Amino acid sequence: MVNNALSKKRFHAVYLVSVLYVILTYLYPVLFVWLWYTNPHSTDLYMLSYELNFRNVLTFLPLLVPVILFWVNLVVAVTNRKKPSDVFYTMNVIMKYGLIPFYLIGGCIIALLIMLIISPVIIMVFVTPPAVTILTIIGYLSLIGTLPVGLASIIKGCKDKFIHPALGVFYGIAQFFFGFDVLSTMGMSLNFKKHRKLSLVLLILLIIFTILAILVLVLWAGVVITLIAEFVNRAG
């Protein structure tokens, strides 16, 4: 029998933790980039990485923000473990859905950097690898930071019989992967019967965005193939 012990309150103070997580996640990469480009050693990776001075340490300090936020979420999940499972689910929704633009923007920048490798701008061959690596690390750290709350919502959802254990395992694994974490959160809206309309609207928008992204990639591939073919013909 399904446990119907859902929260009767519309607002819980712990939701503010999720809101703060989203805000800081958008801010710390901007702060990192600003500190990087204002650091006189930013063009010298050796000096930036190995010379221990205040400016160089300060440059990388923003990257600790998602690590700190992970521990904050973990403490919140443990200290509020008696709260209804749908409270944790709502916290997870705030973070996952709030960060969708963050991941889409980051993904577009990474895709653009990769496409520019084969452009006439030769320097991109050297700029793209470190830039893509840093952006990927930033994105994954931000994803990992949501795990305590995301897994808590799944575990408590299974205990309260909103989520079947087998489905809970699938949801849990999905929390570790880009895109699938959001899709699994959307799927849980059916289990908790909460945020279903919001999830449906976002799913439709993501599908439209994915189709447009694929079209852009196909057009770009066509342009690249055409340019290569012209180059080969001229060389021949």
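In this text the structure is predicted, and so the values were computed from the model without any measurement. (Residues numbered from 1 in each chain as written. Predicted model: local features only at pLDDT ≥ 70, side-chain atom pairs only at ≥ 80, totals over all residues. Heavy atoms only, no water.)

A look at the overall build of the protein
Counting its regular elements, the protein contains eleven helices and zero strands. Secondary structure elements in the protein, listed N-terminal to C-terminal, are α-α-α-α-α-α-α-α-α-α-α. The buried share of the protein, taken over its 236 residues, is 37%. (Helix = DSSP H or I, 4+ residues; strand = E, 2+ residues; numbered from the N terminus. Buried < 20%, exposed > 50% of the residue type's maximum accessible area, 1.4 Å probe, protein only.)

Quick look at the packing of aromatic side chains
Using the criterion set out here, one finds nine aromatic pairs in the structure. Ring plane angle 85° and centroid distance 5.5 Å describe the contact between Phe70 and Trp71, whose orientation is recorded as edge-to-face. Taken together, Tyr26, Phe102, Tyr103, Tyr140 and Phe178 form an aromatic cluster joined through their ring pairs. (Phe/Tyr/Trp six-rings, centres within 6.5 Å; stacked < 30°, edge-to-face > 60°.)

Here we look at unusual backbone geometry
For Lys193, which is not glycine, the phi dihedral falls at a positive 55°. Tracing the chain through its elements places Lys193 in the loop between helix 10 (180–192) and helix 11 (196–235). Backbone geometry places His195, a non-glycine residue, at a positive phi of 60°. Relative to the elements of secondary structure, His195 occurs in the loop between helix 10 and helix 11.

Overview of the layout of surface pockets
Vacant regions in the atomic arrangement are exposed by a probe of water-molecule size rolled over the atoms. Of the volumes computed, that of the largest pocket is approximately 1500 Å³. Around the largest pocket, the lining comprises 45 residues; the ones closest to its centre are Gly106, Gly107, Ile109, Ile110 and Leu135. Elements with a contribution of two residues or more to the lining of the largest pocket: helix 1 (15–38), helix 6 (100–116), helix 7 (124–145), helix 10 and helix 11. Its residues assigned to classes, the lining of the largest pocket shows 36 nonpolar, eight polar and one charged. (1 Å grid on protein atoms, 1.4 Å probe; cavity = no way out; pocket = protein on both sides within 12 Å on 5 of 7 lines; lining within 4 Å. Points joined across faces, edges and corners; volume = space filled by probe spheres on them. Nonpolar A, V, L, I, M, F, W, Y, C, P; charged D, E, K, R; others polar.)

Quick notes on the pattern of salt bridges
Applying the stated criterion to the full structure yields two salt bridges. The partner of Asp86 in a salt bridge is Lys194, with the nearest N and O atoms 3.1 Å apart. Taken together, the positions of Asp86 in helix 5 (residues 85–98) and Lys194 in the loop between helix 10 and helix 11 put the pair 108 residues apart, joining distant regions of the chain. Among the residues examined, Asp86 registers a relative accessible area of 0% and is labelled buried. Of the charged contacts in the structure, one is a salt bridge between Lys96 and Asp181, with a shortest N-O distance of 2.9 Å. You can see Lys96 sitting in helix 5 and its partner Asp181 sitting in helix 10, a full 85 residues away along the chain. Taken as a pair, Lys96 and Asp181 share a single burial class, namely buried. (Salt bridge = Lys/Arg side-chain N within 4 Å of Asp/Glu carboxyl O.)

A few points about the environment of Thr136
Note that Thr136 resides in helix 7. Each C-alpha atom of the pair Thr136 and Gly106 lies 8.2 Å from the other, and the pair is 30 residues apart in sequence. Not counting chain neighbours up to four residues away, the residues in contact with Thr136 comprise Ile110 and Phe178. (Contact = heavy atoms within 4.5 Å.)

Here we look at helix 1
Under the 1.5 Å per step criterion, the end-to-end length of helix 1 is 35 Å for 24 residues, consistent within 8% with the ideal 34 Å. The complete set of buried residues in helix 1 reads Tyr15, Ser18, Tyr21, Val22, Thr25, Tyr28, Pro29, Phe32, Leu35 and Trp36. (Expected span 1.5 Å × (residues − 1).)

As for the environment of Asp160
Counting through the fold element by element, Asp160 comes out in the loop between helix 8 (147–159) and helix 9 (165–174). Distance in space between the C-alpha atoms of Asp160 and Pro84 is 8.6 Å, their sequence separation being 76 residues. One polar contact links Asp160 to Ser85, side chain to side chain, over a distance of 3.0 Å. (Polar contact = N/O pair within 3.5 Å; in protein donor to acceptor, adjacent residues only side chain to side chain.)

Comments concerning helix 4 (residues 65–79)
Over its 15 residues, helix 4 runs 21 Å from end to end, which matches the ideal 21 Å to within 8%, given 1.5 Å per residue. Residues of helix 4 that are buried include every one of Pro66, Leu69, Asn73, Val76 and Ala77, and no others. Angularly, the buried residues of helix 4 cover 95° about the axis, an arc narrow enough to put them on a single face. In helix 4, those exposed residues whose orientation departs by more than 90 degrees from the buried face are Ile68, Trp71 and Thr79. (Arc of directions from axis to C-beta.)

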